[in-house]
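# Analysis of the macromolecular model
Read off the chains here:
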Amino acid sequence: MFSSKELVVRGNFPGPLSETIFITFQHATKFPSVNRRGFGEDFFERRSIPAIHFIPATNNWYQHADVLKACQLVSMVTRRYKRIITYGSSMGGYAALNFSGLLGATEAIAISPQYSVNPALCPLDTSFLAAHLRIGEYTWDKIRSEVNCGVKTYLIYDPLHVSDSYHAELISEVTNSTHIRLRHAGHP
């Protein structure tokens, strides 16, 4: 559906027309590459569930110049769906929340997401300092944006994981969120 040196977006539309589509975002990985499967892609394919997968070339929290263009293209494809659900884990959960409004999502499911990796917005969590220094300028760091205010958000995280709990608290201050707390689950 979309391809650049920074990002690939791939869609799978099996079977009969559905009212629901998932838009997934890949999490950070040790070896980032656009040549990998999307988050949950095998799961959705095996069950003939329509899904679109954002796969970044780097672990830069989707701070790519071409993300807006990709979101606009995906939004044109997903307009006919009644339910549009963004979905991701960690960096992918951050993106599922961050881009939910731009994608016209009705719901966002985020597993252990970050509110931001910018220490100016999350002063109590310095665990993402290397990512922050690598990113430099934030173009798409808008979980708190009014664009996302109508999206029902589900936050899944371990309340005993200090960083994940902190980020969930920050996210819940600016979103309409339901918390699903899984004790002892850790950060996926």
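Coordinates for the structure precede this section.
Predicted, not measured: the structure shown is a model, and the values here were computed from it.

Let us now look at the pattern of salt bridges. Scanning all chains against the criterion turns up 5 salt bridges. A salt bridge links Arg37 to Glu45; the nearest nitrogen and oxygen atoms lie 2.9 Å apart. With relative accessibility at 34%, the residue Glu45 sits in the partly exposed group. Put simply, Arg83 and Glu107 hold a salt bridge, and the shortest N to O gap is 2.6 Å. Of this pair, Arg83 sits in strand E5 (residues 83–89) while Glu107 sits in strand E6 (residues 107–111), placing them 24 residues apart in sequence. Residues joined in a network through salt bridges with shared partners are Arg10, Arg37, Glu41, Asp42 and Glu45.

Attention now moves to the side chain of Asn60. With respect to the helices, strands and loops of the structure, Asn60 is situated in the loop between strand E4 (51–56) and helix H2 (67–78). Residue classification places Asn60 among the buried positions, given a relative accessible area of 17%. Look past the residues within four positions of Asn60 in its chain and what remains in contact with it is Met91, Arg134 and Ile135.

For the rest of this paragraph, the subject is the side chain of Thr78. Looking at where Thr78 falls in the secondary structure, it is placed in helix H2. We classify Thr78 as buried; its relative accessible area is 1%.

Before going further, it helps to spend a moment on the sheet that holds E5. As summarised here, the arrangement of the 8 strands in space is E1-E2-E4-E3-E5-E6-E7-E8, forming an open sheet in which the pairing is mixed. Because the sheet does not close on itself, it has two edges, and the strands there are strand E1 (2–3) and strand E8 (176–181). Two elements, E5 and E6, share 5 bridges in a ladder whose sense is parallel. In the strand pairing of E6, Gly88 is matched with Ala110. Its contacts with the sheet place helix H3 (residues 91–98) against strand E3 (20–25), E4, E5, E6 and strand E7 (152–157), and it is angled at close to 150° to E5. Each of E7 and E8 is contacted by helix H5 (residues 162–174), which is oriented at about 170° to E7, the strand it contacts most.

Burial analysis of H3 places 8 of its 8 residues in the buried class, which makes it a mostly covered element. All buried positions along H3 are accounted for by Met91, Gly92, Gly93, Tyr94, Ala95, Ala96, Leu97 and Asn98. Contacts made by the buried residues of H3 are with E3, E4, E5, E6, E7 and H5.

Procedures and definitions
- Residues numbered from 1 in each chain as written.
- Predicted model: local features only at pLDDT ≥ 70, side-chain atom pairs only at ≥ 80, totals over all residues.
- Heavy atoms only, no water.
- Salt bridge = Lys/Arg side-chain N within 4 Å of Asp/Glu carboxyl O.
- Buried < 20%, exposed > 50% of the residue type's maximum accessible area, 1.4 Å probe, protein only.
- Helix = DSSP H or I, 4+ residues; strand = E, 2+ residues; numbered from the N terminus.
- Contact = heavy atoms within 4.5 Å.
- Pairing = 2+ DSSP bridges.
- Axes fitted to C-alpha atoms, helices over the stretch in contact; angles between N-to-C directions.

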